[in-house]
Amino acid sequence: YVWGNGDTNDSIQVSGGTYNLTISDAKGCREETQVVVDAPQDIQLVPDYIAPICIGGTATLGAEVMGGSDPYNYTWQGDDGTTGFDHVFYVSPESDTDYYLTVTDDNGCEAYHDFSVTVKPPLEILSVTINQDTVCENAAVRLYVDAEGGNGGPYTLQLQDGQVIPSPFTIYPQ
């Protein structure tokens, strides 16, 4: 064996490209050939944006894959023990959790990306007070709601009739 670079081993490590090889035996017979090694671009992952979720909400994890060779295999592993094997992974953690994606292409090449899902603290109403105990019909009453958690505010109030009102909370009882 004689490779174009002068190496005389029966195998060499190369990257993508075209390589000349001459093989000869003890009787002087020779064969020359070219060996083409196809090397696709490295796999690259472009992750999707992940917005924080509320407890009980669902985050959609995913990434665009560039380079490598189709088809791709996806393996998701979460710190919370969840696993998935599709290009999109739906998760509903109860607390901040990290997830790890491994993408393997048809040639066995791999790319990795870590995802962090932030879970907002639970929304809690600490107290509700009004500015007066008794009012006339259709007179304004101001509600004071002390809340914490969720996205941190500002908060809105949804009335029994479905109406959503912003802070400060003013209602007109009937």
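Residues numbered from 1 in each chain as written. Predicted model: local features only at pLDDT ≥ 70, side-chain atom pairs only at ≥ 80, totals over all residues. Heavy atoms only, no water.

This part covers the overall build of the protein chain. Scanning the protein chain from N- to C-terminus turns up zero helices and 15 strands. By the compact-globule yardstick of 16 Å for 174 residues, the protein chain is too spread out, its C-alpha radius of gyration being 32 Å. Over its C-alpha atoms, taken along the principal directions, the protein chain stretches across nearly 115 × 25 × 20 Å. The 174 residues of the protein chain split such that 23% are buried. (Helix = DSSP H or I, 4+ residues; strand = E, 2+ residues; numbered from the N terminus. Rg over C-alpha atoms; globule rule 2.2 N^0.38 Å. Buried < 20%, exposed > 50% of the residue type's maximum accessible area, 1.4 Å probe, protein only.)

Topologically, Thr-22 is positioned in strand E2 (residues 17-24). Thr-22 has contacts with Tyr-1, Val-2, Arg-30, Glu-31 and Glu-32, leaving out every residue within four places of it along the chain. (Contact = heavy atoms within 4.5 Å.)

In terms of nonpolar packing, the biggest core is built from 20 residues, with Leu-45, Leu-61, Leu-101, Phe-115 and Val-117 touching the most fellow members. Listing elements by their share of this core, those giving two or more residues are strand E5 (59-66), strand E6 (73-78), strand E8 (88-91), strand E9 (97-104) and strand E10 (110-117). For this core, the leading source of residues is E5, giving four residues. Beyond its immediate sequence surroundings of up to four residues, Leu-101 is in contact with Leu-45, Ala-63, Tyr-74, Thr-75, Trp-76, Ala-111, Tyr-112, His-113 and Phe-115. Within the second largest apolar cluster, five residues are counted, among which are Val-141, Leu-143, Phe-169 and Ile-171. (Core = buried A, V, L, I, M, F, W, Y, C linked by side-chain atoms within 4.5 Å.)

Quick look at the packing of aromatic side chains now. Under the counting rule described, the total for this entry stands at three aromatic pairs. Arranged with centres 5.2 Å apart and planes meeting at 50°, the rings of Trp-76 and Phe-115 form a pair that is tilted. On the criterion of sequence distance, the pair formed by Trp-76 in strand E6 and Phe-115 in strand E10 is long-range, its members being 39 residues apart. The exposure class of Trp-76 is buried, given its relative accessible area of 0%. (Phe/Tyr/Trp six-rings, centres within 6.5 Å; stacked < 30°, edge-to-face > 60°.)

Okay, the sheet that holds strand E12 (residues 141-148) next. Spatially, the three strands line up as an open sheet ordered E11-E12-E15, and their pairing is antiparallel. Edge strands, defined here as strands with exactly one partner in the open sheet, are strand E11 (124-130) and strand E15 (169-171). The mean angle between the axes of side-by-side strands here comes to 25°, regardless of whether they run parallel or antiparallel. With three bridges connecting them, E12 and E15 associate as antiparallel partners. Residue Val-141 lies in a different strand from E15, and its bridge partner there is Ile-171. (Pairing = 2+ DSSP bridges. Axes fitted to C-alpha atoms, helices over the stretch in contact; angles between N-to-C directions.)

What you see with E6 is a clean split: Tyr-74, Trp-76 and Gly-78 sit on the buried side and Asn-73, Thr-75 and Gln-77 on the side with no burial. Examined bridge by bridge, E6 and E9 share six bridges and lie antiparallel to one another. In the strand pairing of E9, Gln-77 is matched with Tyr-100. Inspection of the sheet shows E6 paired to strand E7 (residues 83-84) by two bridges, in the antiparallel sense. Looking across to E7, one finds that Trp-76 is bridged to Gly-84. Taking the residues between adjacent antiparallel strands as the criterion, E6 and E7 are bridged by four residues, where Gly-81 takes a positive phi near 90°.

To continue, consider the sheet that holds E7. One open sheet holds the four strands; their spatial order is E7-E6-E9-E10, and the pairing between them is antiparallel. Strands at the two margins of the open sheet, each flanked by one partner only, are E7 and E10.

The next thing to look at is the environment of Glu-32. On the secondary structure map, Glu-32 appears in strand E3 (residues 30-37). Taking the C-alpha atoms as reference points, Glu-32 and Val-2, separated by 30 residues in sequence, lie 9.4 Å from one another. Excluding its chain neighbours within four sequence positions, the residues that come into contact with Glu-32 are Leu-21 and Thr-22. A distance of 2.4 Å separates polar atoms of two side chains, one belonging to Glu-32 and the other to Arg-30. (Polar contact = N/O pair within 3.5 Å; in protein donor to acceptor, adjacent residues only side chain to side chain.)

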